[in-house]
Amino acid sequence: MADAEISATLTLSGKTIELPVRSGTIGPDVVDIGKLYAQTGSFTYDPGFTSTASCESKITYIDGDEGVLLYRGYPIEQLAEHGDFLETCYLLYYGELPTPSQRKEFDKNITYHTMVHEQMTRFFQGFRRDAHPMAVMVEVVGAMSAFYHDSTDINDPRQREIASHRMIAKLPTIAAMAYKYHIGQPFVYPQNSLSYAANFLRMCFAVPCEEYVVNPILARAMDRIFILHADHEQNASTSTVRLAGSSGANPFACIAAGIACLWGPAHGGANEAALQMLKEIGDPSKVNDFITKVKDKTSHIRLMGFGHRVYKNYDPRAKIMQKTAHEVLAELGIKDDPLLEVAHELEKAALSDPYFIERKLYPNVDFYSGIILRALGFPTSMFTVLFALARTVGWISQWKEMIEDPSQKIGRPRQLYTGSPRRDYLPLSKRGK
Ligand code: CMC
């Protein structure tokens, strides 16, 4: 909401202008610089958007200093403890927790769409078996635009809703197919009587020649991991989805763009890198040497699963992940997981080291998630795929919010140009040797 009472004064090249300040329901105020260029001829400069709110949103709130994460106002701890993933999807997408009849209807809508067009199954054959499943995800999700033409008109609210349901429903199927293709096993079709997470585990780990019974504790852990990853306001991949969507691109193409962005090791790829790091350290006795290497800037080694652009406190998701890791390992009878021991030792060492304390570096969501996913039976190459699956609802909710915002325009940042000033073309013969 605009607050006419508050404004910021800026003096630039001898000219003073008033910039309106806007307040949200919670969180820092923002200085509205929308008219700055028109009034002064200057741009703002903020690489990495460290001080820039790129949009107005009602979906997710993070207080990075206090370690708070709210989905539509509800604390993540309460949703992870008492809710389930599909309810969280409804909440993020529609704005409220569903009533029993809304929930029933939503479950029906999602399960109705769990299968993919049979022709899509042929797509996978074009990939090498050793292709990274994230490469497959980018392609196959992008290809959904070629299969579901009847839900690509972004100006039709019903088509937007169907495309969103399709993506929430089909991402687990596509992710499981990417995994099955990778390991050379036949695809397992969805079973709609199962919960979202249980169905996904079955599509990944069942084989046609044997009965597969989903362990409810493991399904609950999977569901909780999905809840924890469902949205995280304007992170790199979500901003990518919004930027792609701002041009009017269809939602399947936008989500494919989000998946591509998520793949990077500074973002969703960190869970894979964190587990790799724990494996490389291998033993709690080697933790101190590793910490010394991380602190040596010339090594360019980071403590993966640590640090966050927004959280300058313990990531609330990491606490739930840590608890879930213990539950899963206990259920699977894994008493002394050496990687969990290394993780505990690393966390202890880092949290008492001035390097990490001064920079406010704490465990993030990826620090413990790899231990759980590995125990569930997933190879590291699937970790970011699971993140993408869960984040799809966040991306699509943010995309919908953007499309429905009447003030929405194409995203078009400007730049500080530091290249050559204007110069004249020289023919090749006049350019020296
Ligand atoms: N290990 C060692 N040093 C670190 C780390 C780390 N993990 N993270 C930040 N630093 C240092 C960094 O070197 C810098 O030190 P100095 O001030 O001396 O130059 C200072 O802390 C600030 O770092 P930054 O890179 O300016 O901070 P940022 O906000 O740009 O980066 C981050 C955030 C998440 C990219 C970074 O903390 C990082 O690379 N962490 C490891 C990767 C990771 O776990 N990513 C998952 C993020 S959570 C899931 C998601 O959002 O996808």
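Residues numbered from 1 in each chain as written. Predicted model: local features only at pLDDT ≥ 70, side-chain atom pairs only at ≥ 80, totals over all residues. Heavy atoms only, no water.

Asker: It is not clear to me how the sheet that holds strand S4 (residues 60-63) should be interpreted in this structure. Could you clarify?
Answerer: In a beta sheet, neighbouring strands pair by backbone hydrogen bonds and run either parallel or antiparallel. Read from one edge of the open sheet, three strands run S4-S5-S6, paired in antiparallel fashion. This sheet does not close on itself; its edge strands, each paired only once, are S4 and strand S6 (74-75). Strand direction decides the pairing type here: S4 and strand S5 (residues 68-71), joined by four bridges, are antiparallel. Bridge assignment links Ile 62 to a residue of S5, and that residue is Leu 69. (Pairing = 2+ DSSP bridges. Helix = DSSP H or I, 4+ residues; strand = E, 2+ residues; numbered from the N terminus.)

Asker: I'm lost on unusual backbone geometry in this one. Help?
Answerer: Comment: phi is negative for the bulk of residues other than glycine, and the bulk of peptide bonds are trans. A positive phi is found at Phe 49, a non-glycine position, where the angle reads about 50°. Residue placement: Phe 49 occurs in the loop between helix H1 (36-40) and S4. Phi at Glu 233 takes a positive value of approximately 40°, unusual for a residue other than glycine. Its place among the elements puts Glu 233 in the loop between helix H9 (216-229) and helix H10 (236-246). Overall, Glu 233 belongs to the partly exposed group, its relative accessible area being 22%. (Buried < 20%, exposed > 50% of the residue type's maximum accessible area, 1.4 Å probe, protein only.)

Asker: How should I be thinking about the packing of helix H12 (residues 270-281) against helix H17 (residues 366-376) in this particular structure?
Answerer: Helix-helix packing is described using two parameters, namely the angle between the two axes and the distance between the axes. Where H12 contacts H17, the axes come no closer than 8 Å and their chain directions differ by 80°. Judged by the inter-axis angle, H12 sits roughly perpendicular to H17. Listed contacts from H17 to Ala 270, Asn 271, Ala 274, Leu 275, Met 277, Leu 278 and Lys 279 of H12 are Asp 366, Phe 367, Ser 369, Gly 370, Ile 371 and Arg 374. Taken together, the residues that form the contact of H12 with H17 break down as seven nonpolar, three polar and three charged. (Axes fitted to C-alpha atoms, helices over the stretch in contact; angles between N-to-C directions. Parallel < 35°, antiparallel > 145°, perpendicular 65-115°, else oblique. Contact = heavy atoms within 4.5 Å. Nonpolar A, V, L, I, M, F, W, Y, C, P; charged D, E, K, R; others polar.)

Asker: So what exactly am I meant to see when it comes to the site of the ligand here?
Answerer: Taken together, 21 residues lie around the ligand, and His 267, Lys 297, Arg 302, Leu 303 and Arg 309 are the ones closest in. Within the backbone of Gly 305, a nitrogen or oxygen atom sits 2.9 Å from an oxygen atom of the ligand. Within the backbone of Phe 306, one N or O atom sits 2.9 Å away from a nitrogen atom of the ligand. Here the ligand, which alone exposes 940 Å², has 74% of that area covered by the protein. (Near = heavy atom within 4 Å. Polar contact = N/O pair within 3.5 Å; in protein donor to acceptor, adjacent residues only side chain to side chain. Areas by Shrake-Rupley, 256 points an atom, 1.4 Å probe, with all protein chains shown as cover.)

Asker: Would you mind going over empty space enclosed by the protein with me for this structure?
Answerer: Over the atoms, a rolling probe the size of a water molecule traces out where space has been left empty. Counting across every chain of the model gives one cavity of 30 Å³ or more. Forming the boundary of the largest cavity are Val 116, Glu 118, Thr 121, Thr 173, Met 177, Phe 187, Val 188, Tyr 189 and Pro 190. In terms of residue class, the lining of the largest cavity is made up of six nonpolar, two polar and one charged. (1 Å grid on protein atoms, 1.4 Å probe; cavity = no way out; pocket = protein on both sides within 12 Å on 5 of 7 lines; lining within 4 Å. Points joined across faces, edges and corners; volume = space filled by probe spheres on them.)

Asker: Help me understand the nonpolar core, please; the structure alone is not making it clear to me.
Answerer: As a rule of thumb, nonpolar side chains are buried together in soluble globular proteins. One finds Phe 200, Met 222, Leu 303, Leu 346 and Phe 378 to be the most contacted residues of the largest nonpolar core, which totals 121 residues. Residue contributions to this core peak at 13 residues, all from helix H18 (residues 383-404). (Core = buried A, V, L, I, M, F, W, Y, C linked by side-chain atoms within 4.5 Å.)

Asker: For this particular structure, what's the right way to read helix H8 (residues 196-205)?
Answerer: In an α-helix, one turn spans 3.6 residues, which is why side chains three or four residues apart end up on the same side. Within H8, nine of the ten residues are buried, which leaves it mostly tucked inside the rest of the structure. Taken together, the buried residues of H8 touch helix H3 (85-94), helix H4 (100-112), helix H7 (157-183), H9 and H18.

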